[in-house]
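# Coordinates in review
For reference, the chains in residue letters:
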Amino acid sequence: MRAFFNGLVLGIIVGVVAYWYLQKKAAEHPEAEQRYQQAAAQTMSNASVTAHSVSDALSAKLDTLDLSTDQIKSELSKTGQVVRRKAQDIGEAAVNTASDARAVAEIKTKYAEEPSLSVWKISVSCSQGHVKLSGTVKSPDDIGKAVALALDADGVRDVTSTIQVQQ
C-alpha cells in the first residue's frame, strides 16, 4: 500500500511537470495545442481510473476487516469501541519508542491523504504496536476507514478505536 501511495505521489508530480511543459510548448506552436488537449484528456482519464482503483481497494479492505456501517454501529453500541487485529501477529518482538512514533506519523499521514478524515479531529497513540484512536468523524464509514488505514501502517499489531460519530 505504501508503494502505491508513493507511486501516486510521483505520478502527480510528473503530471504537474508535464502540464507545465505542455503549456509552454503549446504557446510556442499552435499545432502542439491539439496534441496537448489529447494528452490532457488521457491524463484525466488515467487519474480517474487510478482514483477508482484506490476506492475499490479501500472498499475491499473494509469488507475484509468487517468494517461495515452496521458492524461499526453495533460494536460502538455494545462496547463503545471498535477493535481489529492484523491477520499475522508480529510475535513477541518488542517494538521500541521510535517504531511507535514512526507508526503514529505514518497513520497521521494516511489520514491527511484521505479527504473524509481530519488529522486534527482524530487522536492517535501507539505503544508497542498497539494503536488507540479517539476523536470524532462525520460517519460510521469514516471510523472504518480510520481503523483500516491505521492497521495498514508498519509496526501496528492492533487498533482500538473509541472514535465517535459527530452529531
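Scroll up to find the structure.
Reading guide: rules and limits
Residues numbered from 1 in each chain as written. Predicted model: local features only at pLDDT ≥ 70, side-chain atom pairs only at ≥ 80, totals over all residues. Heavy atoms only, no water. Helix = DSSP H or I, 4+ residues; strand = E, 2+ residues; numbered from the N terminus. Buried < 20%, exposed > 50% of the residue type's maximum accessible area, 1.4 Å probe, protein only. Contact = heavy atoms within 4.5 Å. Areas by Shrake-Rupley, 256 points an atom, 1.4 Å probe, with all protein chains shown as cover. Salt bridge = Lys/Arg side-chain N within 4 Å of Asp/Glu carboxyl O. Axes fitted to C-alpha atoms, helices over the stretch in contact; angles between N-to-C directions. Parallel < 35°, antiparallel > 145°, perpendicular 65-115°, else oblique. Nonpolar A, V, L, I, M, F, W, Y, C, P; charged D, E, K, R; others polar. Core = buried A, V, L, I, M, F, W, Y, C linked by side-chain atoms within 4.5 Å. Arc of directions from axis to C-beta. Expected span 1.5 Å × (residues − 1).

## Comments concerning the overall build of the protein chain
Counting its regular elements, the protein chain contains 5 helices and 5 strands. Ordered by position from the N terminus, the helices and strands of the protein chain form the series α-α-α-β-α-β-β-α-β-β. In the protein chain, buried positions account for 31% of the 167 residues. Counted over contacts in the protein chain with a minimum sequence separation of 6, partners at least 24 positions apart contribute 67%. On the protein chain, roughly 10,400 Å² of surface is accessible, and the fraction owed to carbon and sulfur atoms is 57%.

## Some points on the pattern of salt bridges
Any two side chains of opposite charge can pair, on the condition that their charged atoms come close. Across all of its chains, the model carries 3 salt bridges by this definition. We note a salt bridge from Lys110 to Glu106, for which the minimum N-O separation is 3.9 Å. Highlighted residues: Lys110 and Glu106, both in helix 4 (residues 97-113), separated by 4 residues, approximately one helical turn. The same class applies to Lys110 and to Glu106, which are both buried. As a salt-bridge pair, Lys110 and Asp152 come within 3.9 Å of each other at their nearest N and O atoms.

## Quick look at unusual backbone geometry
For Gln128, which is not glycine, the phi dihedral falls at a positive 55°. Within the fold, Gln128 resides in the loop between strand 2 (122-127) and strand 3 (130-137).

## Let's talk about the packing of helix 3 (residues 69-79) against helix 5 (residues 140-151)
Think of two packed helices as two axes; the pair is described by the angle between the axes and how far apart they sit. Running from amino to carboxyl end, helix 3 crosses helix 5 at an angle of 90°, the nearest separation of the two axes being 8 Å. It follows that helix 3 is roughly perpendicular to helix 5 by the angle criterion. Residues Thr69, Ile72, Lys73 and Leu76 of helix 3 form the contact with helix 5, whose own contacting residues are Pro140, Asp141, Ile143 and Gly144. The class makeup of the residues in the contact of helix 3 with helix 5 is 4 nonpolar, 2 polar and 2 charged.

## Topic: the nonpolar core
Among soluble globular proteins, nonpolar side chains are generally buried collectively. Tyr111 and Leu133 are the most contacted members of the largest nonpolar core, which has 29 residues in total. At the level of elements, helix 2 (30-64), helix 3, helix 4, strand 2, strand 3 and helix 5 are the ones that each hand at least two residues to this core. In terms of residue count, the dominant contributor to this core is helix 5 (7 residues).

## Some points on helix 3
Residues Ile72, Glu75 and Leu76 constitute the buried set of helix 3. An end-on view of helix 3 places all buried positions within 100° of arc, on one side of the element. Summarising the geometry of helix 3, the exposed residues directed more than 90 degrees from the buried face are Asp70, Ser77 and Lys78. Close packing links the buried residues of helix 3 with strand 1 (82-85) and helix 5. Gly80, located one to two residues past helix 3, shows a positive phi value of around 80°.

## Some points on helix 5
Note that an α-helix has 3.6 residues per turn; residues three or four places apart therefore point the same way. In this model, helix 5 (12 residues) spans 17 Å end to end at C-alpha, consistent with the 16 Å of a helix rising 1.5 Å per residue. Helix 5 sits mainly inside the fold: 11 of its 12 residues count as buried. Listed in full, the buried residues belonging to helix 5 are Pro140, Asp142, Ile143, Gly144, Lys145, Ala146, Val147, Ala148, Leu149, Ala150 and Leu151.

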